Each structure stands twice: as structure tokens, then as C-alpha cells.
Amino acid sequence: MPFEDWSILAENEIIAIFSFTFILSLGLVFFTIPLTINFCYKYQILDHPNSPRKNHKNSIPHLGGFNIFLGLFVPFTCIAPTFSLSTFKYIFLSMFFLLVIGLWDDIRALNPWVKLLWQLFVALIIVFFSETYITNLFGLFGFDDLSTEASYLFSIFLILTIINGINLLDGINALSASLSTMLGCFFFF
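These notes cover the structure that comes with them.

1. Some words on a nonpolar patch on the surface
- On the surface, a cluster of nonpolar side chains totalling about 470 Å² of accessible area is made up of L117, L120, L124, F128 and F129.
- Its location among the elements puts L117 in helix 4 (residues 112-129).
- Exposure remark for L117: the relative accessible area of 57% places this residue in the exposed category.

Structure (C-alpha cells):
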């Protein structure tokens, strides 16, 4: 159902679209997780409790990022206004790169510097190609408008911080998913 702009829609249409998107996303994740779990057990793509940092007692499947990617990508492409696709194609390209890095890291542990280099590449795509960056801090830490260079640097730093923050939370089962859900609800409201 592509359309040109959100402004042409009535409030009840927007609510219906968001409801459809939420249900589609939830359904995709709910129905693909068992398939991913079975795949991981079949091919032994498991996280074994072989480190003191890991809290789980049994081996648990990897590759959950694939389900999250599907839950974001498919619903968005169904409801995105056509004008936004030129910007969001770079964000989804970045998400795809993060998915590939995450899957690769799940299957074979990657060197942290290699992961950081790929994350920096992703941040550069988001900031420079999709032109998504923070231009104003609205008085936070005594800063308001940021210069172009400071805006780019701060945005890249923030993207790297969020990616690694969520990645570090992933050591405890469901912690990163639940915290990300809470933050998403906060930003939604």
C-alpha cells in the first residue's frame, strides 16, 4: 500500500497502518523464531556456556538477529511512504550489513576490531548517505546547534555506542531484546 505522504492519511488510517505493521512484525518474529531455533539445533549453531560472562547453563541457539531483521524490514517496506524509500534504503543497507556481521560473529567469533571497523562503515553509510545525523542537542551538556563536522562526529560516535551497547547486553538471554523493546516503546510514545 505505498503512498506519497503520511499527511494525506486520516488519523484512523494511520492507527490502522501502525496496528497492521505491529501485528505483521510480531507475527513474523513469532512464527520464524521456532524455524530459526530448529535450524540452529540441526546445524549446531549454538552458544555454549564456556565463559564466565555467560549466564546460561545450557547451549542456546544463535541467529536471533535474523528474526529481528525480518520483523523490521518486511513491515516497513509494506507501509513506507514512497518519498522515504530513498533515505531508508541506506538505513536498511546498514541494517543488512549489521545482520551479516552479527550472523558471521555468531557462527565464527570475529575479532572485536574487525567488528568495530564494520560498525564504523555502517555508521558512515547512515550519516553520509542517508543524511541521518544529529544537528542540535537542545541544551544538553550546554550545547545547542552543532557544526556540521561536530554533528557528523557525534552521530557516528552515538551510532557506534548504541550498536555496541546492545551487543554487550546480548550476553544475558532476552536482556537486549527486552531493553530494546522498552526503549522503542518510550520513543514511540
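Having seen it, we continue.
2. Re helix 5 (residues 148-169)
- If you check helix 5, its first and last C-alpha atoms are 32 Å apart, about what 22 residues at 1.5 Å a residue would give, namely 32 Å.
- Within the sequence span of helix 5, burial applies to S151, S155, I156, I159, L160 and I163. The buried residues of helix 5 occupy an angular sector of 155° when projected down its axis, which confines them to one face. Among the exposed residues of helix 5, those pointing more than 90 degrees away from its buried face are E149, L153, F157 and L168.

3. Considerations on the pattern of salt bridges
- Across all of its chains, the model carries 1 salt bridge by this definition.
- The shortest N-O distance in the salt bridge between K115 and D105 comes to 3.1 Å. Of this pair, K115 sits in helix 4 while D105 sits in helix 3 (residues 85-107), placing them 10 residues apart in sequence.
- Among the residues examined, K115 registers a relative accessible area of 16% and is labelled buried.

Reading the values: rules and limits
- Residues numbered from 1 in each chain as written.
- Predicted model: local features only at pLDDT ≥ 70, side-chain atom pairs only at ≥ 80, totals over all residues.
- Heavy atoms only, no water.
- Patch = residues over 30% accessible without salt bridge, like charges linked within 9 Å, V, L, I, M, F, W, Y side chains within 5 Å.
- Areas by Shrake-Rupley, 256 points an atom, 1.4 Å probe, with all protein chains shown as cover.
- Salt bridge = Lys/Arg side-chain N within 4 Å of Asp/Glu carboxyl O.
- Helix = DSSP H or I, 4+ residues; strand = E, 2+ residues; numbered from the N terminus.
- Buried < 20%, exposed > 50% of the residue type's maximum accessible area, 1.4 Å probe, protein only.
- Expected span 1.5 Å × (residues − 1).
- Arc of directions from axis to C-beta.

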